[in-house]
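# Survey of secondary and tertiary structure
Read off the chains here:
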Amino acid sequence: MNITQIETLVQELAQKSPQAPADFLYDLLAAFDTPKATLARLRQGNLNRSKNADEVVWKKKLFFKTAAPDDDLHALFHAVKNAPATKKHEPRFLLVANETTLLALDTKTSDTLDTPIADLPQCFDFFLPIAGMEKATYQSENPADVKAAEKMARLYDQITKENPADTPEATHALNVFLSRLLFCFFAEDTGIFQKSQFTLALESHTQPEGDDLDPYLDRLFEVLNTPENERAGLPNYLAAFPYVNGGLFRGQYAAPRFSRRSRQTLLDCGSLDWAAINPDIFGSMIQAVVHPDQRGGLGMHYTSVPNIMKVIRPLFLDELLNEFQTAKGDPKRLRKLHRRICRIRVFDPACGSGNFLIIAYKELRLLEMLLFRELGEFLFSDISLANFYGIELDDFAQEVATLSLWLAEHQMNQAFLAEFGRTKPALPLLASGNITHGNATRLDWKTVCPIPEDGGEVFVLGNPPYVGSYVQDKEQKEDLARVARGFGSYKDLDYIACWFILASKYASNSSAQFAFVTTNSICQGEQVLLLWPFVFSQNLEISFAYQSFKWGNNAKFNAGVYCTIIGIRKKSSFPKRLYSENKIQIINSISPYLTSGSVVIIGKRMRPLSDIPTMNYGSKIVDNGHLIFSTEEKKQLLNNHPEANPLFRKFVGSREFIRGLERWCLYITDGNLELSLSIKPIAQRLNLVKEFRSKSTEVSTRGMADTPHKFYYSVHSDTNSIIIPRHSSESRDYIPMGFLGPETVISDAANAIYDADPWIFAILTSRMHMAWVGTVGGRIKTDYRYSAQLCYNTFPMPPLTPAQKATLQHHVYQVLAEREQHAEKTLAELYDPKKMPEGLRAAHRELDVAVERCYRAEPFGSDEERLEYLFRLYEKMLQEEQARGTLFAGAGKRKKR
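Residues numbered from 1 in each chain as written. Predicted model: local features only at pLDDT ≥ 70, side-chain atom pairs only at ≥ 80, totals over all residues. Heavy atoms only, no water.

## A closer look at the overall build of the protein
Scanning the protein for helices and strands turns up 33 helices and 25 strands. Expressed as lengths along the three principal axes of its C-alpha atoms, the size of the protein is roughly 100 × 80 × 70 Å. Evaluated residue by residue, the protein yields a buried proportion of 55% over its 897 residues. A separation of at least 24 residues holds for 70% of the contacts in the protein among residues at least 6 apart in sequence. (Helix = DSSP H or I, 4+ residues; strand = E, 2+ residues; numbered from the N terminus. Buried < 20%, exposed > 50% of the residue type's maximum accessible area, 1.4 Å probe, protein only. Contact = heavy atoms within 4.5 Å.)

Pasting the structure below:
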């Protein structure tokens, strides 16, 4: 079952309330797709581990307790939680219900439910795991991280106000200074320094005015780079600080000058408990202090921990945690798992300040601690930072990534000490992760992070820079050309495609897996055709994916874009996971459009796959606007030259049609050219068109200069037409389309079907077609970009009978009639989902049902169902078309003989 079907059954169940609790349980299980044979075995007692008449205990699944109307439900629920059967049979769900109310606990997620049964449809997703659809749970934000980022950003603002960083060198020096401060804040709260040693020293040994703070910090940072045996003559308050080393304090960068206010802001930062802060705060710090232009150019989008976990968990962590659970009680399997995780290599080829590497390292260390606890063995950690690799273009971010990894190691060593009573020494700082400075698109990844030959695993991950095909700078275009040359129209690829191509080459013929956060554009329209055939040709498949969601973070300049997360691995028969709106589908395959089902790639077609008429771009003028008139300009010309009236036609593109705007064009044929030239304002405009075209860099445009009255490209026909806007907001349920008369010229900002039957309109404006367009069509950000070659010519339709066409035509007229009821409104207003008249909405729903009945008798429950059906039909029709082509080719050869 899909989610829509489950929701419908739960609604029916809720409407039965009140009912006997036992009946409720079996109806509930049936609604969540439990097989009838299983339900029968539960009823008969074969699967029920309880002998009590008021209980059902299904091992690993659920413990259900029936309550009488006067029972205290919460007391009964408490008894169920502590019952021996709960401990023995480890049920996923605990449920207590009377005739009207349900209490439940998900023992895996600790989620609870306390609801009237009549309200169950509002929270039905609580029980989705019964149907095999896990609720996706993400780690919540750490409030300390957010607070620290804000305070550091305020400190930076205050310092730069008093010390303008007007050169790259000054900016770099300031960033190094801030990283040193961050280390000191961590050090005094995590046992490296004495508790609050750094903040108290600043407060005690500098004046409130702040004018002596910068020389004090310069001297202190020099001390931190000086071994204890070389500190002769230092006063005790400086000598008390330990030797740090590690390169952090090695370079000489003068501290900025301070005022009373900035000094106080610095002390406020020190007052935070930095032991509670994740090292990935460094990423937020960098983003907070880099100018927005620089930040966008470097793709330095700080990634929050919950979003990082969306990548790490399905890529490798969930599997390791599951393996740990199944290995409990088996020391041999536990030690084997430990050896496995100690050999894992994690590689981020766009690592920024190291966010992904840090969180991956910490999660593996936490798992190692669970292993030691389960084994009862308290060894030193064998997970080495040497197994963490990165590539970073910015030299300072590279330094911070290295430092951040060390801080992550120290945090985990402290946690290890608290748990097991011993750990490795903190100082002096030693070598950290393998972070390479350079351009990831021009380095050999297998040299940066060699794939081990001893069976060790490599997981490649990260959040590479997002740069669209039309906004790449010169260097990025060169990078793309270097990586994707030979890909046909590679220039239309987004910059992030470089990482997918290089990662595919890296993972080919190996066990390496990768997962990247990416803009959703590489899973839409023509980019699918350009990129994904290569990925799949490397014997790879999509192992998991998140459908589009809005990406946010904790940085001062929050970079919110629509993203997906895509995981890739070697082809296998293992299940795939598709995440959508906090739900997980376990499926057999994921398409490059991030849908379940076939992995077929939709290519451009020059003619329709189905039996439907031709769709064209609208007419293109190429006139620099000289043949276009506003309504006011047209009236003014006709006041002086009424004889010009036959030369004007309405000129409509997407914007004019949807927003109800008026524009006009001169539509001059060879037959009325003489009339046109006799009207001076028109003749002048034609001369301007000739001049504009003659200066064009395009040969074809210059060739049109001697016929300035003709459109560059014209498909206009003096018949009724259907206009299909090329661009439309994603927020609309339907792209507004409509009929136009022969007197209207459709511009190249829209598509056109001339002399079309009304049933074609029904197909184009249906939910079926919209699901197809939303998946295989292009996008501008998240808005629809309709293409005849991708959206219309590829759309699969079964042959329609005359009766079906007549039914569709009836529903088309119903939609048009509802529009006429609101003729004062524009289509933009009518198709705004928040303002759409209910009559028009109902007419569209009825049209949708009529279109879907042309495909099958049973209605579709969701767009996922529609797309699965359409992709299967597309493949079938394509195969039939190819078979016909082969048959005709063979017949031709035989005839020639």
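Back to the write-up after that little detour.
## Here's the deal with unusual backbone geometry
Positive phi, close to 70°, is recorded for D33, a residue that is not glycine. Counting through the fold element by element, D33 comes out in the loop between α2 (21-31) and α3 (36-44). The phi angle at N624 is positive, at roughly 60°, despite the residue not being glycine. Relative to the helices and strands, N624 resides in the loop between β15 (616-617) and β16 (628-629). A relative accessible area of 51% means that N624 is categorised as exposed.

## A word on the pattern of salt bridges
This model, assessed by the stated rule, comprises 33 salt bridges. Put simply, E838 and R841 hold a salt bridge, and the shortest N to O gap is 3.7 Å. One end of the pair is E838 and the other is R841, both in helix α32 (residues 838-853) and 3 residues apart, which spans about a single turn. Judged by its relative accessible area of 49%, E838 falls in the partly exposed class. Of the residues examined, R841 reaches a relative accessible area of 19% and is grouped as buried. Between R856 and E865 there is a salt bridge, and its shortest N-O distance comes to 2.7 Å. Overall, R856 belongs to the partly exposed group, its relative accessible area being 22%. A relative accessible area of 16% means that E865 is categorised as buried. Among the ionic contacts, a cluster of salt bridges with common partners joins E319, E323, R340 and E457. (Salt bridge = Lys/Arg side-chain N within 4 Å of Asp/Glu carboxyl O.)

## A short note on the sheet that holds strand β23 (residues 750-754)
What the 4 strands build is an open sheet, ordered β15-β23-β19-β21; its pairing is antiparallel. What marks the edges here is a single partner per strand, and that holds for β15 and β21 (738-740). Pairing of strand β19 (residues 721-725) with β21, which is carried by 3 bridges, proceeds in the antiparallel orientation. Bridge pairing in β21 places S721 opposite L740. (Pairing = 2+ DSSP bridges.)

## Things to note about the side chain of S610
Inspection of the secondary structure puts S610 in the loop between β14 (583-587) and β15. From its side chain, S610 meets the backbone oxygen of F795 in a polar contact 2.7 Å long. Discounting residues that sit within four places of it in the chain, S610 has contacts with F795, P796, M797 and M877. (Polar contact = N/O pair within 3.5 Å; in protein donor to acceptor, adjacent residues only side chain to side chain.)

## Section: helix α8 (residues 197-205)
For α8, every residue scored as buried is listed here: Q197, F198, T199, A201 and L202. Summarising the contacts, the buried residues of α8 are in contact with α7 (168-189), α9 (213-224) and α11 (260-270).

## Concerning the environment of A20
Inspection of the secondary structure assignment puts A20 in the loop between α1 (3-15) and α2. The partly exposed category is assigned to A20, whose relative accessible area is 36%.

## Looking at the nonpolar core
Counting residues in hydrophobic clusters, the biggest one holds 168 residues, and the most contacted among them are F347, W445, W532 and L764. With 12 residues, the top contributor of residues to this core is helix α16 (residues 355-375). Ranked by size, the runner-up nonpolar core spans 43 residues in total, among them L213, F221, V244 and W406. (Core = buried A, V, L, I, M, F, W, Y, C linked by side-chain atoms within 4.5 Å.)

## A closer look at the sheet that holds strand β22 (residues 744-746)
Pairing is mixed across the open sheet formed by 4 strands, whose spatial order is β16-β18-β17-β22. Among the strands making up the open sheet, the edge pair consists of β16 and β22. As paired strands, β16 and strand β18 (residues 664-666) are joined by 2 bridges and run antiparallel to one another. In the strand pairing of β18, F629 is matched with W664.

## As for the packing of aromatic side chains
Here the structure, examined in full by the defined rule, presents 41 aromatic pairs. Aromatic pair F544 and Y546: ring centres 6.5 Å apart, planes at 85°, arrangement edge-to-face. Assessed through its relative accessible area of 1%, F544 is described here as buried. Taken together, the ring pairs connect F177, F183, F193, F221, F241, F249, F258 and W406 into an aromatic cluster. K634 extends its terminal NZ or CZ atom over the ring of W664, reaching a point 3.4 Å from the ring centre. (Phe/Tyr/Trp six-rings, centres within 6.5 Å; stacked < 30°, edge-to-face > 60°. Lys NZ or Arg CZ within 6 Å of the ring centre and 35° of its normal.)

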